[in-house]
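Topology and contacts: notes
Here is how the chains run, residue by residue.
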Amino acid sequence: MSTLNEDSKKGTVDLSDYQNELYDFSSSATPSFLEFLQIFRISVAVTSYDCQRLIVFRQKNDNIDTLLVPMARPRGLAVHENKLTVAAYTEIINYYRHDQSVGFDEAGLEADSIFLPRNSHITGEINVHDLAWGQGGLWMVNSRFSCICTLQPDLSFKPQWWPKFLKGPTGDGAGHLNCMAMREGKPAYATCFGAFTEGRSWRAESDLSTGLLIDVQTDEIVLEGLCMPHSPKLYKDKVYLCNSGHGTVMCYDPITKTAETVLEVQGFTRAMTFYRDYMIVCCSKFRHSERAAPLPVSLKYQESHAGIYIVDMNTMSIVAFCRFDGDVSQLYDVAVIEESVQPEILGLQDPRVTELFVF
């Protein structure tokens, strides 16, 4: 979870405090985590806004290799076809995959794919918590203005939908609308912290079970009583979502209109995606919240961790796990990079960008 207060610090973001050598990005994983990457020839990317990095777990010499790409407060992450898109501090950055770019060989890159920054859209600090490519382009969950929106060249953003308990995009983060599930290229479900109409209302609420799952197409609240929900995703016509405050993943069946908990971990569940018949779930460490009551999961477990779980959907069992052992405490979004065991992603400030060309 991120709050509007924390997200609205004044001034520019200085990445100099987050040099790799000053920050411990160490991690440990089960052997099956590496095997998962090897079998499917994929890499797994996560965003971490607390250490200001896009982190990619890839392979090198039969070991897990970690790529660290500096960027300002990254949250939402989407990989679609040849595009990798990140929601950063005040902009949406598009990286395009160009494996045959001129200068690739001369750059000394030990990579089998390369993503180059091609364009960005300045949105201002709207706190894009989730994004996905679909019909009409890029869809985003704009948490500051409590709406789902798209982009238009001459605008910061273009509102497309907001919960019916709001009169429109408010700009004060009311309800903390945060994530969405896509169906056939359009937003189908959205999560929020509650039907609050004023920006700071949910922070002062002592009852944490105010979270909602909303059907975007009908405006119907289909699931309530959730605790800080995030990351709804559709898998085989069912909606899976993180009931984050409980450290769980839930499954909602739109046909029977019933829900059940299918996974529990020792952390704040946030970020989920599906790859084939596997669910990839991230969790973060407990941290101080502006909510008036402690998280239910923090009452159950004294300690927590930031990590990535691989879950076999056929057995609903955890088959692989990777944990951050150092300073990384908050993971925000997760995505799979297909057909690449050693991707390279060049940040906006990477000097190698000046000598790589596509035409």
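Refer to the structure presented above.
This write-up is about the structure you can find in this document. (Residues numbered from 1 in each chain as written. Predicted model: local features only at pLDDT ≥ 70, side-chain atom pairs only at ≥ 80, totals over all residues. Heavy atoms only, no water.)

**Some details on the pattern of salt bridges**
Our working rule: Take a side-chain nitrogen of Lys or Arg and a carboxyl oxygen of Asp or Glu: if they are within 4 Å of each other, that pair is a salt bridge. Elements are defined by DSSP. Helices are runs of H or I of four residues or more, strands are runs of E of two residues or more, and each kind is numbered from the N terminus.
Inspection of every chain in the model, using the stated rule, returns nine salt bridges. The residue Asp 277 makes a salt bridge to Lys 236 at a minimum N-O spacing of 4.0 Å. Of this pair, Asp 277 sits in the loop between strand E21 (268–275) and strand E22 (278–284) while Lys 236 is found in the loop between strand E17 (229–235) and strand E18 (238–243), placing the two residues 41 residues apart along the sequence. Salt bridges linked by common partners bring Arg 58, Asp 65, Glu 344, Asp 350 and Arg 352 together as one network.

**Some words on the sheet that holds strand E5 (residues 77–80)**
What counts, and what does not: Two strands qualify as a pair provided DSSP detects at least 2 bridges between them. For helices, the fitted axis covers only the stretch in contact; all axes are lines through C-alpha atoms, and the angles between them, taken along N-to-C directions, range from 0 to 180 degrees.
Read across the open sheet, the five strands follow the order E5-E6-E7-E8-E26; overall the sheet is mixed. Taken across any chain shown, the strands that pair with only one partner, and hence form the sheet edges, are E5 and strand E26 (343–345). With strand direction ignored, the average angle separating the axes of adjacent strands in the sheet is 20°. Pairing geometry for strand E7 (residues 91–97) and strand E8 (residues 113–122), over seven bridges, is antiparallel.

**Things to note about the packing of aromatic side chains**
The condition that has to hold: Each pair of aromatic rings taken from Phe, Tyr and Trp, with Trp reduced to its six-membered ring, is defined by centres within 6.5 Å and is described as stacked if the planes are under 30 degrees apart, edge-to-face if over 60, and tilted in the remaining cases. A simple rule labels every residue: compare its accessible area, found with a 1.4 Å probe on the protein chains alone, to the largest value its type can have, and call it buried under 20%, exposed over 50%, or partly exposed in between.
Within the structure shown, the criterion is met by 13 aromatic pairs. The interplanar angle of 45° and the centroid separation of 5.0 Å between the aromatic rings of Tyr 23 and Phe 25 together place this pair among those described as tilted. Residue Tyr 23 is classed as buried on the basis of its relative accessible area, which comes to 16%. The exposure class assigned to Phe 25 is buried, which follows from its relative accessible area of 9%. With centroids separated by 6.0 Å and ring planes inclined at 80°, the aromatic side chains of Phe 33 and Phe 57 adopt a geometry described as edge-to-face.

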